[in-house]
Amino acid sequence: MEKDKEISKKKLPEIRDLTTCEATAQMLEKARKDGYETAFDRAANMKACPIGADSACCKHCAMGPCRLNAKDPYGKVGVCGATIDTIMSRNFGRMVAAGSASHTDHGMAMLDLFREVVNGNIKDYSIKDVHKLESVAQSIGIETEGKSTKEIATELYTELERTYTQVDGEIPFAKRVPEKTLETWRKHGIVPRGAMREIMELMHRTHMGVDQDYSNIIKQISRAALADGWGGSMVATEISDILFGTPTPVSIEVNMGVLKENEVNIIIHGHEPNLFESMVESVREPSLIKAAKDAGAAGINLVGMCCSGLEAFVRHGIPHAGNFMSTEAIFVTGAVDAMTVDVQCIQQALAKVADCYGTPLFTTNPRCHIEGAEHIEFHEHDPKSCTDEIVIRAISRFKNRTAVIEIPKIKNIGVHGFSHEYINYMLGGTFRASYTPLNDNIINGRIRGVAGVVGCTNPRMKQDYVHVELVKELIKNDVLVIQTGCSQIALAKAGLTTPEAAHLAGPGLKEVCETVGMPPVLGIGACVDNSRILIMASEMVRTGGLGDSIADLPAAGAAPEWMSEKAIAIGQYFVASGFYTIFGVTFPIVEETKFHKLLFEGLEEQGMGKWGFAIDPYEMARLMIAHIDKKRKALGIDKARERTLVDMADRRTMDAA
Ligand code: NFS
Ligand code: SF4
């Protein structure tokens, strides 16, 4: 037994190979000393199943499970006769169904809250951004002139409910899709009706013995994914802005150094902003602040992680302690007095690590209980009773701290919160807010193109490394980078989300950033806020000069360290919307199969985008830039780009800098 333990210890990889995040590395070191095993160690000891990694197995019925051979994909079929393409496309479809369900259920929770606020049944929240309410309503054809806020909100609710429940027709936000893109969708029969219907149909069609032609399954896969991007996710973003305020850029602190040894540290991790909003109220409650002081603390320090943190820091300036692969490590500081979570990306291991370091872990959402964590249910009709209790429990843990405290002294600054609305204003100015300056700078070649770099971190990759190297490479080549999710925290920790980072950009992008005073890397929110990228892309098409559809734009996307099914759903709606979208880590489809060819080439031929795969950040950047250049050429603006490149001397000093 002891010997086994030693062997498994010997197999553990070097910490510097696991993460480029100094704070996380320091905590991983401490965890090993403390005898606590993290996801990084578990990943090293859990060899991924090669058949599963390729999606070459099926367990959709009890005649199987059937395992095909990725090396000879057409050499064998399942017991029912299912081919490799059927099996892989069904598996892919179910990942998209699960990912889309997660975002749309999150969006629906926001919509439920919105309805109850509008009805006057919930009093602890209100409509914070009336301007946004009106503009969202107008964007889907609701007349706002002469109507009260309540009337507009009621109509908007009724319309947006169709995003979920509609059985026939097109979802409301289809009205925002550029005409030619929408035409392509109509031609292929993939305009979403309602998210519930699309996800249900996708589950049905991927059942044993239903849709067994990968080229037909892909249509429902796209339709469900689009019901996420232009449906559930977009509703989540827009309603959150209406209820909690549309983000504008703020300077925020990131990294584990935001924890304070002499304060009660409370971390919120998860995805839905309602919990966070109430927590912000609770930590400002004078009686609770007094209780914290009576317990010997200098104050209460609220900190975010993952997407909850992203939702909150731009609206309240609350610091952010780190992304997905730091959520376990943060407990190792011993300084966390409570962590509270709601839904999504909450590793079950948190219950164990919390226990090891004497930190209470609270689940709050009826959809997410975790064995070993304490559940205090959050009710929007009485939100403070949950969040006040969590603060009280955190104070008591502070008073009785026994864990050794070691907080990595690392803190970085980032400027985040670039909503679509703000980008419009930032580039165009108050009186002529528009995307014209962005389009002009793309056309004249100062900005080569736009890239979305998004998504998770994954213990099978060196944490943050691919995100940071990819983004550096892109901006050096004058590609403006837009970010959501855990990726932007990687870049914030690397110092690239401040205006000063403009010196790392190529000469064209640098000039634009310096003129406007913006960073070359724009953090725009949580993963549901990828919908902001869709809106920006539509706006770029509408502004003119860059083609007629999203597929014409010199743009590309990447999720270099992805891990979740939500990421696959996002990837698919980006592809169906017209983007070239590259994933790293691993791609769950066997190469040189018909389904692979469809995803990586066929969809583009149908007028959409396409999937790509690369593990290495420089290869990823090369592929994205080549695609951007291909689109520039098709638009006839490649000449302009060459002109800006003439000054090679400048460029060399840039590269040297
Ligand atoms: Ni996105 Fe947010 Fe992070 Fe990945 Fe998870 S927190 S929704 S899924 S891990 S980026
Ligand atoms: Fe095997 Fe077909 Fe059943 Fe899948 S559906 S487990 S391939 S028999």
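Rules of the game
Residues numbered from 1 in each chain as written. Chains lettered and ligands numbered in written order. Predicted model: local features only at pLDDT ≥ 70, side-chain atom pairs only at ≥ 80, totals over all residues. Heavy atoms only, no water. Helix = DSSP H or I, 4+ residues; strand = E, 2+ residues; numbered from the N terminus. Buried < 20%, exposed > 50% of the residue type's maximum accessible area, 1.4 Å probe, protein only. Areas by Shrake-Rupley, 256 points an atom, 1.4 Å probe, with all protein chains shown as cover. Lys, Arg positive; Asp, Glu negative; His and termini not counted. Charge placed at Lys NZ, Arg CZ, Asp CG, Glu CD. Phe/Tyr/Trp six-rings, centres within 6.5 Å; stacked < 30°, edge-to-face > 60°. Lys NZ or Arg CZ within 6 Å of the ring centre and 35° of its normal. Salt bridge = Lys/Arg side-chain N within 4 Å of Asp/Glu carboxyl O. Near = heavy atom within 4 Å. Nonpolar A, V, L, I, M, F, W, Y, C, P; charged D, E, K, R; others polar. Domains from an automatic or database assignment. Contact = heavy atoms within 4.5 Å. Buried area = accessible area lost by both parts, 1.4 Å probe. Polar contact = N/O pair within 3.5 Å; in protein donor to acceptor, adjacent residues only side chain to side chain. Donors = N, O, S within 2.8 Å, 3.2 Å for Na, K, Ca; no water. Tetrahedral: all angles 85-135°; square planar, octahedral: opposite > 155°, others 65-115°. 1 Å grid on protein atoms, 1.4 Å probe; cavity = no way out; pocket = protein on both sides within 12 Å on 5 of 7 lines; lining within 4 Å. Points joined across faces, edges and corners; volume = space filled by probe spheres on them. Axes fitted to C-alpha atoms, helices over the stretch in contact; angles between N-to-C directions. Parallel < 35°, antiparallel > 145°, perpendicular 65-115°, else oblique.

A. Molecular detail of the overall build of the chain. For the chain, the helix and strand inventory stands at 26 helices and 16 strands. The principal-axis extents of the C-alpha atoms in the chain amount to approximately 65 × 65 × 60 Å. By the burial criterion, 61% of the 657 residues in the chain qualify as buried. As presented, the chain carries roughly 24900 Å² of accessible surface, and 51% of it is formed by carbon and sulfur atoms. Computing the positive centroid from 73 side-chain charges and the negative centroid from 85, the chain places the two 4 Å apart.

B. The arrangement of the packing of aromatic side chains in detail. For the structure shown, the criterion picks out 15 aromatic pairs. Each residue in the set Phe92, Tyr214, Trp562, Phe583, Phe587, Phe595, Phe600, Trp611 and Phe613 is aromatic and connected to the rest through ring pairs, giving one cluster. Here the basic side chain of lysine 462 rests over the ring of tyrosine 465, its NZ or CZ set 5.3 Å away from the ring centre. Against the face of tyrosine 580 rests lysine 610, its NZ or CZ located 4.9 Å from the ring centre.

C. Spotlight on the pattern of salt bridges. If you walk through the whole model with that rule in mind, you get 43 salt bridges. Lysine 132 serves as the salt-bridge partner of glutamate 421, at 2.7 Å between the closest nitrogen and oxygen. You can see glutamate 421 sitting in helix α16 (residues 420–428) and its partner lysine 132 sitting in helix α6 (residues 130–139), a full 289 residues away along the chain. Glutamate 421 sits in the partly exposed class, given a relative accessible area of 27%.

D. Seen up close, the site of ligand 1. Around ligand 1, the surrounding shell consists of His271, Cys306, Cys307, Phe324, Cys345, Gly455, Cys456, Cys486, Cys527, Met563, Ser564 and Lys566. When the residues that make up the shell around ligand 1 are grouped by side-chain class, the tally is 8 nonpolar, 3 polar and 1 charged. When residues are assigned to domains, the shell around ligand 1 turns out to be shared by domain 2 (250–399) and domain 3 (430–635), each giving three or more.

E. Representation of the domain arrangement of the chain. Segmentation of the chain into domains returns domain 1 (78–244), domain 2 (250–399) and domain 3 (430–635). The C-alpha-based centres of domain 1 and domain 2 are spaced at 30 Å. On the side of domain 2, 15 residues touch domain 1, which itself brings 16 residues to the contact. When the buried area of domain 1 at its contact with domain 2 is split by residue, His106, Tyr125 and Phe244 rank highest and sum to 40% of it. Across the contact surface, domain 1 and domain 2 share 3 salt bridges. Between glutamate 277 and lysine 128 there is a salt bridge, and its shortest N-O distance comes to 3.8 Å. In this structure, the connection of domain 1 to domain 2 is made through 4 residue pairs in polar contact (both at pLDDT 80 or more).

F. Looking closely at the coordination of the nickel atom of ligand 1. For the nickel atom of ligand 1, the protein supplies a single donor, Cys527 (SG), at a distance of 2.2 Å. Coordination at the nickel atom of ligand 1 comes from 4 donor atoms whose angles at the metal span 91 to 157°, giving a geometry best classed as irregular. Looking at where cysteine 527 falls in the secondary structure, it is placed in the loop between β13 (521–525) and α21 (530–543).

G. Summary view of the layout of surface pockets. Here the largest pocket defines a volume of roughly 610 Å³. Breaking the lining of the largest pocket down by element, the ones donating at least two residues are α4 (50–53) and α5 (84–119). Looking at the lining of the largest pocket, the element that brings in the most residues is α5, giving 3 residues. Its residues placed into classes, the lining of the largest pocket shows 9 nonpolar, 5 polar and 4 charged. Roughly 490 Å³ of internal volume is contained in the second largest pocket.

H. Structural detail: the packing of α5 against helix α23 (residues 594–605). For the pair α5 and α23, interaxial distance at closest approach is 8 Å and the crossing angle is 50°. In this view, α5 runs oblique relative to α23, as classed from their interaxial angle. Taken together, the residues of α23 that come into contact with α5 (itself represented by Asp85, Met88, Ser89 and Phe92) are Lys594, Phe595 and Leu599. In terms of residue class, the contact of α5 with α23 is built from 4 nonpolar, 1 polar and 2 charged.

I. How the structure looks around the side chain of histidine 416. Tracing the backbone shows histidine 416 in strand β10 (residues 412–416). Owing to a relative accessible area of 0%, histidine 416 belongs among the buried residues under this scheme. At 2.7 Å, the side chain of histidine 416 and the side chain of glutamine 488 are in polar contact. Within the structure, histidine 416 has its side chain in polar contact with the side chain of threonine 497 (distance 3.0 Å).

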